[in-house]
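Understanding the architecture of this molecule
The primary structure of each chain is shown beneath.
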Amino acid sequence: MRTLSLALACLLPVGLPACVDAPITEAHIAPDGQLRTGLEQSAFSARPQVSTGQAVQVAAVLAAQADGPLEDAAEFSRDVGAVHLHLRADSLMEARPVLFVWTHAGVREEVQGVLAPTTTLTLAASHPISGGPVISGSPEQPEQARGEPWQVEVYSADAAGGAGELLFRREFLVL
């Protein structure tokens, strides 16, 4: 078997460009569907790709408190004044730009920010809430009376400062 492999290797034409892991692109295919001839070796050589992404695990707390002891909540009274998003990014090696998106009643507000490497929860963004309560229930069914839903999302920021990959999403109510 070993001799047969060596003999077959010696029978292969010498000087033909080849790279077994190089991708074949549309530029390599002729209109008749056949592989084009006369391509240079460099057209088939593999090109390294630079990886810019980094996996990050985000832990978050939504709280009425901006600092001190935090109490994670999913419902907030309008009289607290603001909701504060505290984040911790595990496995983050350097600070990176992010986009905080606060959505409420179809209105979307985007705020640029930075996600920094830290081992503790850190205040990352805040959003004001105020005004009288908006009730979605009726007087006949008070148990269904709830506040309007809100949503906060954290996206990695792309080169133009727009939303890239979604890193975190959470919904909450304001009563």
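Criteria and cut-off values
- Residues numbered from 1 in each chain as written.
- Predicted model: local features only at pLDDT ≥ 70, side-chain atom pairs only at ≥ 80, totals over all residues.
- Heavy atoms only, no water.
- Buried < 20%, exposed > 50% of the residue type's maximum accessible area, 1.4 Å probe, protein only.
- Helix = DSSP H or I, 4+ residues; strand = E, 2+ residues; numbered from the N terminus.
- Pairing = 2+ DSSP bridges.
- Core = buried A, V, L, I, M, F, W, Y, C linked by side-chain atoms within 4.5 Å.
- Contact = heavy atoms within 4.5 Å.
- Phe/Tyr/Trp six-rings, centres within 6.5 Å; stacked < 30°, edge-to-face > 60°.
- Patch = residues over 30% accessible without salt bridge, like charges linked within 9 Å, V, L, I, M, F, W, Y side chains within 5 Å.
- Areas by Shrake-Rupley, 256 points an atom, 1.4 Å probe, with all protein chains shown as cover.
- Salt bridge = Lys/Arg side-chain N within 4 Å of Asp/Glu carboxyl O.
- Polar contact = N/O pair within 3.5 Å; in protein donor to acceptor, adjacent residues only side chain to side chain.

So, the pairing of strand S7 (residues 148-157)
Side chains on a regular strand alternate between the two faces of the sheet. Of all the ten residues making up S7, nine are buried; the element is thus mostly covered by neighbouring parts of the structure. Relative to S7, strand S4 (residues 96-104) runs antiparallel, the two being bridged by seven bridges. When the bridges of S7 are listed, Val98 appears paired with Ser156. When S7 meets strand S8 (residues 163-174), the two strands line up antiparallel, connected through nine bridges. Note that in S8 the partner of Tyr155 across the bridge is Leu166. Adjacent in sequence and paired antiparallel, S7 and S8 are bridged by five residues, among which Gly161 carries a positive phi angle near 90 degrees.

Describing the nonpolar core
Counting residues in each nonpolar core, the largest one holds 21 residues, and the members touching the most others are Leu85, Phe100, Trp102, Leu115, Val154 and Phe172. Of all the secondary structure elements, the ones that give two or more residues to this core are strand S1 (57-63), strand S3 (82-90), S4, S7 and S8. What Leu115 contacts, discounting residues up to four positions off in sequence, is Val58, Leu87, Ala89, Leu92, Glu94, Ala95, Arg96, Val98 and Leu167.

What about the packing of aromatic side chains?
Following the criterion strictly, the structure yields three aromatic pairs and no others. Here Phe76 and Phe172 contribute two aromatic rings whose centre-to-centre distance is 5.6 Å and whose plane-to-plane angle is 85 degrees, an arrangement assigned as edge-to-face. A residue pair is termed long-range when its members are at least 10 positions apart, and Phe76 in strand S2 (residues 75-76) and Phe172 in strand S8 qualify at 96 residues. Assigned by exposure class, Phe76 and Phe172 land together as buried. On the numbers, 6.3 Å between centres and 85 degrees between planes, the contact of Trp102 with Phe172 is edge-to-face. Separated by 70 residues along the polypeptide, Trp102 in strand S4 and Phe172 in strand S8 bring together distant segments of the chain. Judged by relative accessible area, which is 2%, Phe172 ranks as buried. Pairwise contacts between aromatic rings join Phe76, Trp102, Trp150 and Phe172 into one cluster.

Some words on a nonpolar patch on the surface
There is a patch of nonpolar side chains on the surface, built from Ile24, Ile29 and Leu35 and spanning about 260 Å² of accessible area. One can find Ile29 in the loop between helix H1 (2-11) and helix H2 (41-44).

Some remarks on the environment of Gln151
Following the sequence through the fold, Gln151 ends up in strand S7. C-alpha of Gln151 to C-alpha of His104: the two residues are 47 residues apart in sequence and 6.6 Å apart in space. For Gln151, the contacting residues outside a window of four places in its chain are Val101, Trp102, Thr103, Arg169, Arg170, Glu171 and Phe172. For Gln151, the side chain forms a polar contact with the side chain of Glu153, separated by 2.9 Å.

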